Amino acid sequence: MRRKIRILMAKPGLDGHDRGVKYISRALRDAGYEVIYTGIRQSPEAIAHAAIQEDVDFVGLSLLSGAHNELFPEIVRLIRKYGGESIIVFAGGIIPEKDIPFLKEHGVEAIFTPGASFKEVADFIEQNKRRLSH
Amino acid sequence: MKRLTEKILSGDVRAIARAISWIENDYAQKEQLIDDLYPHCGNAVVWGLTGPPGSGKSTLLNLLIARERMKGKRVAVIAIDPSSPFSGGAILGDRLRMQKHSTDSGVFIRSMASRGHLGGVAGATADAIKVLDAAGFDLIIIETIGVGQTEIEVVEMTDVVLLLLVPGLGDEIQALKAGIMEIGDIFIINKSDKDEAMKTKAEVEYVLSLNDNPRKDRPNPIFMTSAVLNLGIDELSTGIDLYIEELRVNGLIEDKRRKRIAREIRLMITAKIRREVEKQLGLNERIDSWVDQVYRRKRRPYAMINELSDTFFKKNRT
Ligand SMILES: Nc1nc2c(ncn2[C@@H]2O[C@H](COP(=O)(O)OP(=O)(O)O)[C@@H](O)[C@H]2O)c(=O)[nH]1
Ligand SMILES: [Mg+2]
């Protein structure tokens, strides 16, 4: 596949800790991906609009504030509503084990908790990019 | 294809975004798409906004877009950032500064990496402008850093070039003179909240006075703004409108657009032919072996490429 993979990295919710998401963004760039970074405190609407306008293949969400069970499913819903049916959503942050099945059911395909390495994120993208439609 | 064209003409965001991806990835279908859209183009005004990294282009745009929205205009932005020369990847962060408009359906923002596409970023920009124009945006703004030939080519695809400078550039203004200063229509000294802003303005005035300005009777306008303090934005916004109105009245906008089309045709034809040549010669597959032969002095460079080009032309003569 010759085309560039585009990834939106966004931080919904109220916490302002963006070190993790910035680190992953830089690592993704260094791995050859195009990363659109939208910054902290993004509303689900703003993230979904950005994902569509930027025509990204993946959306990576980062959240430390604990509101993931409300925000992540809402973001997936809005992305689908605006026509991003094949956009693959993954997430990272402090997310308790017990919430993971719920989030996966609601369209968050992979969840990387604080111990995860960048390689796991990169592998996830490589393994899933084949599914992309165009 | 017909469906995508119709969707774009009706302003469908998903379709517009997808079309720009086709352009960026240089898909063959993009040609038919652009040609189908072309009859619907010609209504949008296109600004180029350029200046050194960190000069405040995106922050200022955030405010200018708000002014244009109040005038009832639909606005599209293409924000171009450089790709990493090492990995080919990029971090595109301009959206971060244009948050005011993140849920406004009258604003479309697209980030583009400068080296992500085969046809060249200027060609991609020109095509993306057509998609956005056909989709009914009244104003299209291209943001790009003002260094390098590639970036200059990009802003040359626009109707009016806004050049952003900031205090503390020092000798850089002198250096800029050679390239980008010449294509600037409107000059903006941003970060006017900083010391030395007036000094920068005087420097810009001086450099401009050295230029062989084709319109000596009317010097290029210079504005002072502070995008963080929201100062000077109304004056700038009105100034840009006036400038474009003047271009229209005295027919200069037509000249500019003709020149732009000339540039585009040159770009398109050379890109097309180059690609065909590379394909027929099998350049990518054979380059290593050519390098090897030249490196080991088995062949002489001119003799080798002349032989290759002769073969190519012979084959294409019939
Ligand atoms: N002091 C001051 N800082 C500004 C002004 N405009 C932008 N900045 C800051 O300059 C930095 C770069 O701004 P950005 O819009 O990303 O610049 P760009 O790279 O040209 O798009 C940010 O930290 C802005 O907050 C201004 O008018 N005054
Ligand atoms: Mg910028």
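What counts and what doesn't
Residues numbered from 1 in each chain as written. Chains lettered and ligands numbered in written order. Predicted model: local features only at pLDDT ≥ 70, side-chain atom pairs only at ≥ 80, totals over all residues. Heavy atoms only, no water. Donors = N, O, S within 2.8 Å, 3.2 Å for Na, K, Ca; no water. Helix = DSSP H or I, 4+ residues; strand = E, 2+ residues; numbered from the N terminus. Buried < 20%, exposed > 50% of the residue type's maximum accessible area, 1.4 Å probe, protein only. Pairing = 2+ DSSP bridges. Axes fitted to C-alpha atoms, helices over the stretch in contact; angles between N-to-C directions. Near = heavy atom within 4 Å. Areas by Shrake-Rupley, 256 points an atom, 1.4 Å probe, with all protein chains shown as cover. Nonpolar A, V, L, I, M, F, W, Y, C, P; charged D, E, K, R; others polar. Contact = heavy atoms within 4.5 Å. Buried area = accessible area lost by both parts, 1.4 Å probe. Salt bridge = Lys/Arg side-chain N within 4 Å of Asp/Glu carboxyl O. Core = buried A, V, L, I, M, F, W, Y, C linked by side-chain atoms within 4.5 Å.

**Q** For this particular structure, what's the right way to read the coordination of the magnesium ion (ligand 2)?
**A** Angles at a metal have ideal values that depend on geometry: 109.5 degrees with four tetrahedral donors, 90 or 180 degrees with six octahedral donors. Residue and element names in this part refer to chain B. Around the magnesium ion (ligand 2), the donor atoms from the protein are Ser-58 (OG), Asp-94 (OD) and Glu-143 (OE), and they sit 2.0 to 2.2 Å away. Spacing between the donor residues of the magnesium ion (ligand 2) along their common chain follows S-x35-D-x48-E. Of the two residues, Ser-58 sits in helix H4 (residues 57–70) while Glu-143 sits in strand E5 (residues 139–145), which places them 85 residues apart along the sequence. Of the two residues, Ser-58 and Glu-143, both sit in the buried class.

**Q** In this structure, what is going on with the sheet that holds strand E6 (residues 160–165) of chain B? I would like to understand it.
**A** Backbone hydrogen bonds are what pair the strands of a sheet, in a parallel or an antiparallel way. Residue and element names in this part refer to chain B. In space, the seven strands of this open sheet follow the order E4-E2-E5-E1-E6-E7-E8, with parallel pairing throughout. Sheet topology places strand E4 (107–113) and strand E8 (222–224) at the edges, where each strand pairs with a single neighbour. When strand polarity is set aside, the average angle formed by the axes of neighbouring strands in this sheet is 20 degrees. With six bridges connecting them, strand E2 (residues 75–81) and E5 associate as parallel partners.

**Q** Help me understand the site of ligand 1, please; the structure alone is not making it clear to me.
**A** Residue and element names in this part refer to chain B. The full set close to ligand 1 counts 17 residues, and Lys-57, Thr-59, Arg-97, Asp-193 and Ala-227 are the nearest of them. Relative to its unbound accessible surface of 580 Å², ligand 1 loses 77% to contact with the protein. In terms of residue class, the shell around ligand 1 is built from four nonpolar, seven polar and six charged.

**Q** How do you make sense of the interface of chain B and chain A when you look at a structure like this?
**A** One frequent convention defines the size of an interface as the accessible area lost when the parts assemble. Contacts between the two partners involve 30 residues from chain B and, on the opposite side, 34 residues from chain A. Both faces considered, chain B and chain A share a buried interface measuring about 2600 Å² in area, 49% of it formed by carbon and sulfur atoms. Ranking the residues of chain B by area buried against chain A places B:Arg14, B:Ile91 and B:Arg95 at the top, with a combined share of 25%. On the surface where chain B and chain A come into contact, there are six salt bridges.

**Q** Just to check I follow, could you spell out the sheet that holds strand E3 (residues 90–92) of chain B for this structure?
**A** The sheet built from six strands is open, its strands ordered E5(A)-E4(A)-E3(A)-E1(A)-E2(A)-E3(B) with parallel pairing. Each having just a single partner strand, strand E5 (108–112) of chain A together with E3 of chain B make up the two edges of the open sheet. Averaged over all neighbouring strand pairs, the angle between strand axes comes to 25 degrees, with direction disregarded. Pairing geometry for strand E2 (residues 34–37) of chain A and E3(B), over three bridges, is parallel. The residue bridging A:Glu34 from the neighbouring strand is B:Ala90, located in E3(B). Lying on the sheet, helix H1 (residues 19–30) of chain A is in contact with strand E1 (6–10), E2 and strand E3 (58–63) of chain A together with E3 of chain B; it crosses E2(A) at an angle near 155 degrees.

**Q** Where do I start with the nonpolar core in this structure?
**A** Looking at soluble globular proteins, one finds that nonpolar side chains tend to be buried together. Residue and element names in this part refer to chain B. Ile-8, Ile-16, Leu-132 and Ile-140 are the most contacted members of the largest nonpolar core, which totals 36 residues. Those elements that place two or more of their residues in this core are helix H1 (2–9), helix H2 (13–24), helix H3 (30–37), E2, E4, helix H5 (121–134) and E5. If you tally residues by element for this core, the top one is H5, at nine residues. Apart from residues lying up to four places away in sequence, Ile-140 is in contact with Ala-44, Val-45, Val-46, Trp-47, Ala-76, Ile-129, Leu-132 and Asp-133. Counting 30 residues, the second-largest nonpolar core is a separate cluster that includes Val-45, Leu-49, Val-160 and Ile-188.

**Q** Help me understand the environment of B:Glu264 in this model?
**A** Within the secondary structure, B:Glu264 is located in helix H10 (residues 252–281). If we skip the residues at most four places from it in the chain, B:Glu264 touches B:Ala126, B:Lys130 and B:Met157.

**Q** Please clarify how the pairing of E6(B) should be interpreted in this entry.
**A** Look at any regular strand and the pattern is simple: side chains alternate between the two faces of the sheet. Counting buried positions over the six residues of E6(B) gives six, a clear majority of the element. The alternating pattern of E6(B) places B:Val160, B:Leu162 and B:Leu164 on one face and B:Val161, B:Leu163 and B:Leu165 on the opposite face, and all of these are buried.

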